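Residue strings, one per chain:
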Amino acid sequence: KEGKCSAVDGFKGTCVCQADADCGPGKWCDGGLDTNINACRPKLDKGESCAGVAGNDHKCKSGECSGFPKYVCQ
């Protein structure tokens, strides 16, 4: 699995990420303020939705999300 282990000594943990650097090449860390466990996701192709909280360029293979109003990878 990708990411870092969240285990505390003596307890079973899960693999999560805190930053894109925790994931392999071509992936981004789906972290943030939500109820989902942080996980590594594949970077998005041109035209795919990159909507979400501000700062979405890192989700796209091109490194550029169009922003408001459509939020698609360039």
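That block above? That's the structure.
Every value quoted in this text rests on a predicted model; they were computed, and no experiment measured them.

Q: Would you take a moment to explain the overall build of the protein for this structure?
A: Of regular secondary structure, the protein possesses 0 helices and 4 strands. Counted from the first residue to the last, the protein has its helices and strands arranged as β-β-β-β. The buried share of the protein, reckoned over its 74 residues, is 23%. For the protein, the proportion of contacts with a sequence separation of at least 24, taken over those separated by at least 6, is 14%. Surface summary for the protein: the accessible area is close to 5,300 Å², and the carbon and sulfur share equals 54%.

Q: I keep staring at the layout of surface pockets and nothing clicks. Help me out?
A: Regions of empty space are outlined by a rolling probe, equal in size to a water molecule, passed over the atoms. By volume, the largest pocket amounts to about 260 Å³. Lining the largest pocket we find 14 residues, and of these Gly-31, Gly-32, Val-53, Asn-56 and Lys-59 sit closest to its centre. Taken together, the residues of the lining of the largest pocket sort by class into 5 nonpolar, 6 polar and 3 charged.

Q: For this particular structure, what's the right way to read the state of the cysteines?
A: Two cysteines whose sulfur atoms are joined by a covalent bond form what is called a disulfide. Enumeration according to the criterion identifies 4 disulfides in this entry. The disulfide partner of Cys-17 is Cys-29, and the S-S distance across this bridge is 2.0 Å. Taking the torsion about the S-S bond as the criterion, the Cys-17 to Cys-29 disulfide, at about 90 degrees, is right-handed. Of this pair, Cys-17 sits in the loop between β2 (15–16) and β3 (27–30) while Cys-29 sits in strand β3, placing them 12 residues apart in sequence. Considered together, Cys-17 and Cys-29 belong to a single accessibility category, that of buried residues. Taken in N- to C-terminal order, the disulfide-linked cysteines of the protein are connected 1-3, 2-4, 5-7, 6-8.

Q: So what exactly am I meant to see when it comes to the nonpolar core here?
A: Leu-44, Cys-50, Cys-60, Cys-65 and Cys-73 form the largest nonpolar core, which has 5 residues in total. Ignoring sequence-local partners within four residues, the contact set of Leu-44 consists of Ser-49, Cys-50, Lys-59, Cys-60, Lys-61 and Cys-73.

Q: Explain the pattern of salt bridges here, please?
A: Pairing between side chains of opposite charge can happen when the charged atoms of each approach one another. Inspection of the entire model under this criterion finds 2 salt bridges. Residues Arg-41 and Asp-30 are paired through a salt bridge, measuring 3.0 Å at the closest nitrogen-oxygen approach. Of this pair, Arg-41 sits in strand β4 (residues 39–42) while Asp-30 sits in strand β3, and the two are 11 residues apart along the sequence. What makes Arg-41 partly exposed here is its relative accessible area of 33%. Among the ionic pairs, Asp-45 bridges to Lys-61, the shortest N-O distance being 2.6 Å. You can see Asp-45 sitting in the segment after β4 and its partner Lys-61 sitting in the segment after β4, a full 16 residues away along the chain. On the basis of relative accessibility, which here comes to 37%, the residue Asp-45 falls in the partly exposed class. Residue Lys-61 is classed as exposed on the basis of its relative accessible area, which comes to 57%.

What counts as what
Residues numbered from 1 in each chain as written. Predicted model: local features only at pLDDT ≥ 70, side-chain atom pairs only at ≥ 80, totals over all residues. Heavy atoms only, no water. Helix = DSSP H or I, 4+ residues; strand = E, 2+ residues; numbered from the N terminus. Buried < 20%, exposed > 50% of the residue type's maximum accessible area, 1.4 Å probe, protein only. Contact = heavy atoms within 4.5 Å. Areas by Shrake-Rupley, 256 points an atom, 1.4 Å probe, with all protein chains shown as cover. 1 Å grid on protein atoms, 1.4 Å probe; cavity = no way out; pocket = protein on both sides within 12 Å on 5 of 7 lines; lining within 4 Å. Points joined across faces, edges and corners; volume = space filled by probe spheres on them. Nonpolar A, V, L, I, M, F, W, Y, C, P; charged D, E, K, R; others polar. Disulfide = S-S within 2.5 Å. Core = buried A, V, L, I, M, F, W, Y, C linked by side-chain atoms within 4.5 Å. Salt bridge = Lys/Arg side-chain N within 4 Å of Asp/Glu carboxyl O.

These figures come from the coordinates and say nothing about function on their own.
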